[in-house]
Structures are given as C-alpha cells and as structure tokens.
Amino acid sequence: MSPSNRTVSSRHTFILTGIPGVPVSSCWAAPPLCCLYLLMLLGNCCLLWAIRTERALHTPMYHFLSMLALADLGLSLCTLPTVLAVFCVPAAALPFQACLAQMYFIHTFSAIESGVLVAMAFDRFVAICHPLRYGSVLSGSLVARAGLLIVLRGVCVVLPVAVLMARMPFCRSRVLSHSFCLHQDMLRLVCGDVRPSSWYGLSAVILTKGLDSLAILLSYVFIVRAVLGTVSPGARAKAFSTCISHLCAVLIFYIPLIGLSVIHRFGKHLPPLTPMLLADAYLLVPPVLNPLVYSWKTKQIRRRLLPLLCWRGTQQRA
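Cut-offs used in this document
- Residues numbered from 1 in each chain as written.
- Predicted model: local features only at pLDDT ≥ 70, side-chain atom pairs only at ≥ 80, totals over all residues.
- Heavy atoms only, no water.
- Helix = DSSP H or I, 4+ residues; strand = E, 2+ residues; numbered from the N terminus.
- Buried < 20%, exposed > 50% of the residue type's maximum accessible area, 1.4 Å probe, protein only.
- Phe/Tyr/Trp six-rings, centres within 6.5 Å; stacked < 30°, edge-to-face > 60°.
- pLDDT = per-residue confidence, 0-100.
- Contact = heavy atoms within 4.5 Å.
- Disulfide = S-S within 2.5 Å.
- UniProt positions renumbered as here; feature names shortened; annotations may be inferred.
- Salt bridge = Lys/Arg side-chain N within 4 Å of Asp/Glu carboxyl O.
- Core = buried A, V, L, I, M, F, W, Y, C linked by side-chain atoms within 4.5 Å.
- Patch = residues over 30% accessible without salt bridge, like charges linked within 9 Å, V, L, I, M, F, W, Y side chains within 5 Å.
- Areas by Shrake-Rupley, 256 points an atom, 1.4 Å probe, with all protein chains shown as cover.

A. Representation of the overall build of the protein chain in the model. Broken down by element type, the protein chain carries twelve helices and two strands. Mapped from its N terminus to its C terminus, the protein chain presents α and β elements in the order α-β-α-α-β-α-α-α-α-α-α-α-α-α. When each of the 318 residues of the protein chain is scored for burial, the buried share is 43%.

Encoded structure:
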C-alpha cells in the first residue's frame, strides 16, 4: 500500500479508548463486560416475555414498558461490539462510516427511551389524577400512535446530526475518549467550523431530553398535588408506590445523561476517567437496572418469571 493510501485510510478510521491507565488489550475486562451484557439481554428479554404472556399486563403502562425494554436492548446492542473489541483487540479501530452509524443509533435509541419515559409519566398522571377516565384516555390506538410518534421523533431529530457530521473534515487525532462513538466526542476531533453541528446537537438535546424532563417533572407536580389531596394515608402510600419504578428509571437514565453532557461541554479539565465512567453508566446502567426494578416492584412479572427461574434451577441441579 502506498503512503498516500495509508494516509487516506487513517483519516477515515477512529481509534477507540478503553479504561484510562489500563492497557487497550486487556482481556481480563471482557468476561465481566460479557456478564453485564448477558444480564441486560436476559433481563429485558424475560421482561418482554412476561409482558407478552401475562394477560394481566396487557395494559398501557406495560405496553410502554415493553417499548422501554426494546429501546434498552437497541441502545446496548449498538455498543456491544466495540466495547468488547476495545479490551480484546490491540489498538481497536472503527471505520468512519461504522462510527457514524453507531453514533446515530446510540442517540436515536436514547431519544426514544427519553420519549417512552415521558409516555410512562403521562400514564401515571392519568392513572392517579383521572382514574375513572384511564381506559378511555389511554386506548390501544392512542398507545400505538404514541409509540410510533416517539420512534419517528427520535429518528428524525437525530438524522441531521449524522448528516452534518458526515460532511465534517477530520484532520486532528482520531483517538476517541470512549469505546463507542458519541456526537460530542467526534465533534472535538473536527478541524473545521463545528458551530452548525454543535448548535443543532444542543438544540436537539433541548428539544428531546430537555422538554421530556420538564414534561416528566410537570406530570409529577400534578401527581403529588393529587396524592396529597387524598384523605387516606393508605391511599397515598399505594399511589406513590405505583410511581417508584418509573421514578427509578427516570433517575438512572437522566442523571448520567445530564452529567455526561455537562462534562463534555464544560469539564475538559477533569481526568479522562470521569467522562468514561459517566458514558458507560449512561449506556449500560439503565438497560441492566430497569428490568430488575420493574421485576422487583411488579408482582405479576415476578409471578410469571418465578416458575421459569425455578425450572432452570431444577434443570441445572439435575
């Protein structure tokens, strides 16, 4: 290969980064990551199976939960190949087109998950504040249209980010800060004018996660006001208990997301380990914890999954 060809090839390849201070080819880190991804796949697939097979779970709340599980699966499977490759392949590299596609799907599934969390907050608002109208307001057709709108919003909002990034000139170091491709991380390697892409990316975050978080907050303001107006303490506790799982899902999704966005824009003086840990928490923690939280808090899911776990345990002992 001629030197000119090598130069062109290197310009269209990104070098992935593992844990700072740990050698890139560290296969000891691959088994724990494989176990984490396996737990994510098993948990979300079991959650989808339980919702599908348990008739008592065929309600709007659990239809939205199915969408959340599918978004978590998509988000994790986007990062699985590169995260494992970083710890098994020396100087793991990713072609520009593959990096661009991974960035697009990561941010798309993230926007979809944020939209699903808003739909679940609206579900809790209607169930607590207008329980007699729950069935008429959240009809099957409305849930289907809401799901389609959430997906279309995520696909359309993130698409210009990928189009703008595809036209950017990259002439600096091609070393990324993570083991996967994120918009903010790729943007810092651009040597041209990044203002259009940066401002649109910021606007997309505000129009999706920003407005979504405000909508969730507003929903819970009305929920708290309605619950506090209830006379019976037992009714208050029961109403609040129906929101615990959703609140946990919101916190484990938005806290790492907000922290990562702030660090990428304002925390350049922080050690490299900080954004790496937040990015991993943002992409790996919600898909792993969401099935555990909902399985723990929902007796119908526990009732459906318990025989399956007992049967597997019996098979292993045999």
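B. Molecular detail of the packing of aromatic side chains. Tallied over the full model, the rule gives nine aromatic pairs. Here Phe253 and Tyr282 contribute two aromatic rings whose centre-to-centre distance is 6.2 Å and whose plane-to-plane angle is 55°, an arrangement assigned as tilted. Remark: Tyr282 occurs in helix α11 (residues 273-297) and Phe253 occurs in helix α10 (residues 244-266); sequence separation between them is 29 residues. Per residue, the accessibility class of Phe253 equals that of Tyr282, and both read buried. Site record: aromatic cluster; members linked through ring pairs are Phe14, Phe96 and Phe170.

C. Highlighting the confidence of the model for the protein chain. Of all residues in the protein chain, 84% have pLDDT values of 70 or greater, and the mean over the chain is 82. The low-confidence segment residues 1-11, where pLDDT is below 50, has three contacts with residues more than four positions distant or belonging to other chains. Confidence drops under a pLDDT of 50 for residues 311-318, and excluding neighbours within four residues, the segment shows one contact in the predicted structure.

D. Spotlight on the state of the cysteines. Across all of its chains, the model carries one disulfide by this definition. The side chain of Cys99 participates in a disulfide bridge whose partner is Cys181; the two sulfur atoms lie 1.8 Å from each other. Between Cys99 and Cys181 the disulfide shows an S-S torsion of about -120°. By sign, it is left-handed. Within this pair, whereas Cys99 is found in helix α4 (residues 96-129), its partner Cys181 is found in the loop between α6 (140-166) and α7 (183-187), the two being separated by 82 residues in sequence.

E. Structural context of the UniProt feature "transmembrane region" (unreviewed entry) in the protein chain. UniProt records the feature "transmembrane region" (unreviewed entry) at residues 28-51, 63-92, 104-122, 142-166, 244-264 and 276-296, using the numbering of this structure. Within the segment residues 104-122, helix and strand shares are 100% and 0% respectively, and the terminal C-alpha atoms sit 27 Å apart.

F. Summary view of the pattern of salt bridges. Taken as a whole, this structure holds four salt bridges when the rule is applied. Note that Arg188 is salt-bridged to Asp185, the shortest N-O span being 2.7 Å. Judged by relative accessible area, Arg188 falls into the partly exposed class, the value being 37%.

G. Structural context of the nonpolar core. One finds Leu65, Leu117, Met165, Phe170 and Met186 to be the most contacted residues of the largest nonpolar core, which totals 78 residues. Looking at this core, the elements that each hand over two or more residues are α2 (30-53), α3 (60-86), α4, α6, α7, α8 (195-228), α10 and α11. Those residues in contact with Phe170 that sit more than four places away from it in its chain are Phe14, Phe96, Met165, Met186, Leu189, Val190 and Cys191.

H. Here's a closer look at a nonpolar patch on the surface. Taken together, Leu207, Leu211, Leu214, Leu217, Leu218, Val221 and Phe222 make up a surface patch of nonpolar side chains, about 670 Å² in accessible area. With respect to the element layout, Leu218 can be found in helix α8. You can call Leu218 partly exposed: its relative accessible area is 49%.

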